[in-house]
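Topology and contacts: notes
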Amino acid sequence: MEDGDNFVVNQPPPAPAEQDDHNDNNSSREDFGKMLHGCEHYRRRCKLRAPCCNEIFTCRHCHNDAKSALSNPKERHELVRHDVKQIVCAVCDTEQQVAGICSKCGIKFGEYYCEICRFYDDDTTKGQFHCDDCGICRVGGRENFFHCRKCGSCYSVDLRDNHLCVENSMKNHCPICYEFLFDSVKGTAIMKCGHTMHMECYTDMIQQNQYRCPICSKSVLNMSRTWERLDLEIEATAMPEEYRYEVPILCNDCNCTGRAFFHILGHKCKHCNSYNTRMIGTGEDPQ
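Residues numbered from 1 in each chain as written. Predicted model: local features only at pLDDT ≥ 70, side-chain atom pairs only at ≥ 80, totals over all residues. Heavy atoms only, no water.

The name given to the chain in an unreviewed UniProt entry is RING finger and CHY zinc finger domain-containing protein 1-like, and the organism recorded there is Nicotiana sylvestris.

Right under this line is the structure:
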């Protein structure tokens, strides 16, 4: 018999009923106050002491919202989640080192707990999981995402082998609202060109009839039907004689250069039939 099993010899296990009662009591104590505490961002039973300013906030977003609103720009800062060392129990108000269970009253600080990210959340319907490659926690269920090492972030499994990789595309700011995308709590859209922006910013852009990526100017939608309509409009709208000349163009979609007859409605690329083009000067043929 191993030394670690010796306690069984002279100390029989408690009766099943007693063991069940003990487990029920532990479970009841740990679940006390579940979903009753937190902020507009998370349901949790603790608060964080921010090491950067030594103040207490329910979560890093509460901290960042408060500090970004300071009138003095030099005092504005963000909380680095991994630097948090102390937390305060929301039930018994005991301050202690980062942990999953309160050292005094025994309640769980969050049904989901990540020691690396100092992240707590009672609402597990979000499907939280920690991605080792990202280094932070994500939501949506681990089985629904994969980590693209080139793009540097977790993407939906629907995009596996089905997206254009751009080096560290998520470690940039949204080109519309300029919020950093990598750790944003907002949904992200990956465009055909591989660049990224917030989903809500993408929707607003489309609603404003803007169909080009703000970064590389490539079309973000299948524009073939629009190009066909432009063909008909241009054919039906002849330019005056003095404007019937060719101009050099660059196609934003295929990156080819060429020439097209000038027209106020647009200039068609002869390589890919796109009207997502721009004039690049009036000199000699660039080809």
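Digging into the pairing of strand 9 (residues 145–148)
As paired elements, strand 9 and strand 10 (residues 153–156) share four bridges and run antiparallel to each other. Looking across to strand 10, one finds that His147 is bridged to Cys154. Where strand 9 folds back onto strand 10 in an antiparallel hairpin, the turn is made up of four residues, including Gly152, whose phi is positive at roughly 80 degrees. (Pairing = 2+ DSSP bridges. Helix = DSSP H or I, 4+ residues; strand = E, 2+ residues; numbered from the N terminus.)

Structural notes on helix 3 (residues 60–68)
Among the residues of helix 3, Arg60, His61, Cys62, His63, Asn64 and Lys67 are the ones counted as buried. Packing partners of the buried residues in helix 3 comprise strand 1 (46–49) and strand 2 (56–57). (Buried < 20%, exposed > 50% of the residue type's maximum accessible area, 1.4 Å probe, protein only. Contact = heavy atoms within 4.5 Å.)

Describing the sheet that holds strand 13 (residues 246–251)
Taken in spatial order, the three strands make up an open sheet running 14-13-15, and their pairing is antiparallel. A strand with exactly one partner marks an edge of an open sheet, and here the two such strands are strand 14 (257–261) and strand 15 (277–279). Neighbour to neighbour, the strand axes of the sheet diverge by 45 degrees on average, direction disregarded. (Axes fitted to C-alpha atoms, helices over the stretch in contact; angles between N-to-C directions.)

Examining the side chain of Ser184
By the element assignment, Ser184 lies in the loop between strand 10 and strand 11 (188–190). Here Ser184 falls in the buried class, since its relative accessible area comes to 13%. Here Glu179 takes part through its side chain, which lies 3.1 Å from a polar atom of the side chain of Ser184. For Ser184, the side chain forms a polar contact with the main-chain nitrogen of Lys186, separated by 3.1 Å. Contacts of Ser184, omitting those with residues within four sequence positions, involve Glu179 and His198. (Polar contact = N/O pair within 3.5 Å; in protein donor to acceptor, adjacent residues only side chain to side chain.)

Here's the deal with the packing of aromatic side chains
Tallied over the full model, the rule gives eight aromatic pairs. Where Tyr113 meets Tyr120, the ring centres are 4.9 Å apart and the plane angle is 15 degrees; that geometry is what we call stacked. For Tyr120, a relative accessible area of 0% corresponds to the buried category. Cluster of aromatic residues (ring-pair linked, three or more members): Tyr42, Tyr112 and Phe119. We note Lys171 situated over the ring of Phe182; from NZ or CZ to the ring centre the distance is 5.3 Å. (Phe/Tyr/Trp six-rings, centres within 6.5 Å; stacked < 30°, edge-to-face > 60°. Lys NZ or Arg CZ within 6 Å of the ring centre and 35° of its normal.)

What about the nonpolar core?
By size, the foremost hydrophobic cluster in this structure holds 17 residues, and its most contacted members are Tyr155, Met191, Met197, Tyr202, Met205 and Val220. Looking at this core, the elements with two or more residues in it are strand 9 and helix 4 (199–207). Sequence-distant contacts of Val220, that is, excluding residues within four places in its chain, are made with Met191, Lys192, Tyr202, Met205, Ile206, Tyr211, Arg212 and Cys213. In this structure, Cys39, Phe57, Cys62 and Phe182 belong to the second largest nonpolar core, which totals 16 residues. (Core = buried A, V, L, I, M, F, W, Y, C linked by side-chain atoms within 4.5 Å.)

Description of helix 5 (residues 224–236)
Compared with an ideal rise of 1.5 Å per residue, which puts 13 residues at 18 Å, helix 5 spans 19 Å between its outermost C-alpha atoms and is within 8% of the ideal. All of the buried residues along helix 5 are Trp227, Leu230 and Ile234. Buried residues of helix 5, seen end-on, are gathered within an arc of 55 degrees and therefore sit on one face of the element. Those residues of helix 5 that are exposed and angled more than 90 degrees off the buried face are Arg225, Leu232, Glu235 and Ala236. (Expected span 1.5 Å × (residues − 1). Arc of directions from axis to C-beta.)

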